[in-house]
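# Inside the fold
If you want the building blocks of each chain, they are given just below.
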Amino acid sequence: MALANPESGAQVTGSVLSALRTPRLLTREILAGIVTTLALIPEVISFSVIAGVDPIVSLVASIVLALTMSVLGGRPAMITAAAGSVALVIAPLVQAHGVQYVLPTVILAGLVQITFGLAGLARLMRFIPRSVMIGFVNALGVLIFMAQVRHLIGVPWLVYPLFGLTIAIILILPRFTKVVPAPLVAIVVVTAVVIIAGLTVPNVAGEGPLDGGLPGVTALLVPLNLQTLQIIWPTALSAAFVGLMETLLTAKLVDDMTDTKSHKGRESWALGVANIAAGFYGGIAGCAMIGQTIVNVKIGRARTRISTVVAGLFLLALVTGLSSIMGQIPMVALAAVMMIVAITTVDWHSVKPTTLKRMPVPETLVMGITVIVVVATGNLAVGVLVGVILAMVLFARRIAHVIRVDRTAADDGLSVHYEVRGPLFFGSSNDLVERFSYGLDPADVSVDLTHAQIWDASSVAALDSIETKYREHGATVTFEGLDERSSVFHRRLTGQFGA
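Before going into details, it helps to say that this report is about the structure given with it. Everything quoted here is computed from the prediction, not taken from an experiment. (Residues numbered from 1 in each chain as written. Predicted model: local features only at pLDDT ≥ 70, side-chain atom pairs only at ≥ 80, totals over all residues. Heavy atoms only, no water.)

A few words now on the layout of surface pockets. Here the idea is plain: a probe the size of a water molecule rolls over the atoms and shows the empty space left. There is about 530 Å³ of room inside the second largest pocket. Lining the second largest pocket are 24 residues, with Leu 124, Phe 127, Ile 128, Pro 129 and Val 388 sitting closest to its centre. Among the elements of the structure, α6 (130-149), α9 (226-258), α16 (361-377) and α17 (380-399) are those that each provide at least two residues to the lining of the second largest pocket. With eight residues, α17 is the largest single contributor of residues to the lining of the second largest pocket. (1 Å grid on protein atoms, 1.4 Å probe; cavity = no way out; pocket = protein on both sides within 12 Å on 5 of 7 lines; lining within 4 Å. Points joined across faces, edges and corners; volume = space filled by probe spheres on them. Helix = DSSP H or I, 4+ residues; strand = E, 2+ residues; numbered from the N terminus.)

As structure tokens, then:
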């Protein structure tokens, strides 16, 4: 059941209750959560290696994150766990100062995220252009695919038939039934084949130690003083904003996939609370897992918080009592699932020659640069930031030249009237100054700004400059037609720039 508006707590509860009362929907949510957990495990373990912490630390942190966000988060069905983007940020701190500084870093990052959410800054997401979002999605598909290739290189030949079997089940089974997610069936079947036949192929256990049981509360091993703050604050800020950016982008992506709305502010502060909890009981921060969220929403067709609760509880069961079974899952089966996810993630329509031919060059350029930067750095947040900045620059450059100035001279030659059309801001104001014939115009000049608006101080300075140039030529200029907001803005700043 699609969620009409997750911003309403009553509607969220209603959606969950509807799923609980409908066996078909409940089964779908549970199975989606299980298959998502299986897709989550290898990445979480790999990211723990990147961050320089034990795999069990990342797994337990992922349990805490998934369960906490299932209750507090503003985007149902979105998976949150220990993520690679955050691991990349924390890794240098661990290498330079030791793992004991991770907890205070995570706490500070969580506080930043809580502040961000409560201050309503999540609304800034609306300024991310569509071309950047498409680049983000396409780059995500490339990264997911590339991350799986290592599981198919330099491996025993038996891996390749198992890979083919996994792909075949995923592609063929949905033609006969969609009751059970095809990826889940594929993982179970391939794992059973490996265990029954006694095949030796790389498995989850080979990614890192999977000791059963849960750790205790993480101990604070460094003093909370100014020296510690100086060490952790750069990493904490980076982890906070990278996590926020990836989480909010994922939420927006799920919004588009499900045609529903999410509460971005709630998602932001909830992420901070979840990270602090994960820091104390687990030891590392996280954010939304984009690939696994796509598995949950697109392949598993999950729509409620039930799926993410199941994912957290199933991961808890695997870590505490079923670690030996979890360790026997062949990596090739999980890699095949994620490769299918990667292929379905890419917006293939956006890269068709016919689409590229119709799209404006700046839009295509922004999308391409976003993909290139993300793939080159392996950091989705950096790529999106570069894409947004490039889009802003290209947009400012385009609208800087949309100013139109029409000159009409009076029949008697004693006055001249100018009509200005278009937005006046820092990009267009310099161009505006050059549109007037200061030396040729008579003494009486009027400038009609009915179809123009003043948006910044640069525009006021440009109008002052125009007035000064006419005064130097013995002419008087009158500005008329400004709307109330622009008029108030102009009166407040005119004459303050020494033009």
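There's more to say after this.
Tallied over the entire structure, the rule returns six aromatic pairs. Relative to Phe 426, the ring of Phe 425 has its centre 5.0 Å away and its plane inclined at 80 degrees; by these criteria the two rings are edge-to-face. For Phe 425, a relative accessible area of 9% gives the class buried. Taken together, the ring pairs in this structure connect Tyr 418, Phe 436, Tyr 438 and Tyr 470 into an aromatic cluster. The residue whose ring lies beneath Lys 469 is Tyr 438, and the NZ or CZ to ring-centre distance is 5.9 Å. Between Arg 485 and the ring centre of Trp 455, over which it is positioned, the NZ or CZ distance is 4.1 Å. (Phe/Tyr/Trp six-rings, centres within 6.5 Å; stacked < 30°, edge-to-face > 60°. Buried < 20%, exposed > 50% of the residue type's maximum accessible area, 1.4 Å probe, protein only. Lys NZ or Arg CZ within 6 Å of the ring centre and 35° of its normal.)

The next subject is empty space enclosed by the protein. Tallied over the entire structure, the rule returns two cavities of 30 Å³ or more. If you add up the space inside the largest cavity, you get close to 50 Å³. In terms of lining residues, the largest cavity is bounded by Met 69, Ser 70, Gly 73, Arg 75, Pro 76, Ala 77, Met 78, Thr 80, Glu 267, Arg 305 and Thr 308. Those elements that provide at least two residues to the lining of the largest cavity are α3 (55-72) and α12 (305-320). Its residues assigned to classes, the lining of the largest cavity comprises four nonpolar, four polar and three charged. Considering only enclosed or pocket space, the second largest cavity measures out at about 30 Å³ in volume. Surrounding the second largest cavity, Val 86, Ala 109, Gln 113, Ala 239, Ala 240, Gly 243, Asn 275, Ala 285 and Gly 286 form its lining. Element by element, the count of residues in the lining of the second largest cavity is highest for α9, at three residues. Looking at the lining of the second largest cavity, its residues break down into five nonpolar, four polar and no charged. (Nonpolar A, V, L, I, M, F, W, Y, C, P; charged D, E, K, R; others polar.)

Attention now moves to the pairing of strand β4 (residues 415-424). Relative to β4, strand β3 (residues 404-409) runs antiparallel, the two sharing six bridges. Following the sheet pairing, Val 405 is matched in β4 by Val 420. Where β3 hands over to β4, the hairpin turn is made up of five residues, of which Gly 413 adopts a positive phi near 75 degrees. By the bridge criterion, nine bridges tie β4 to strand β5 (residues 444-454) in an arrangement that is parallel. Across the sheet, His 417 pairs through a bridge with Ser 446, a residue of β5. With helix α18 (residues 426-433) bridging β4 and the parallel β5, this β-α-β connection has right-handed handedness. (Pairing = 2+ DSSP bridges. Right-handed = clockwise from strand over helix to strand, strands pointing away.)

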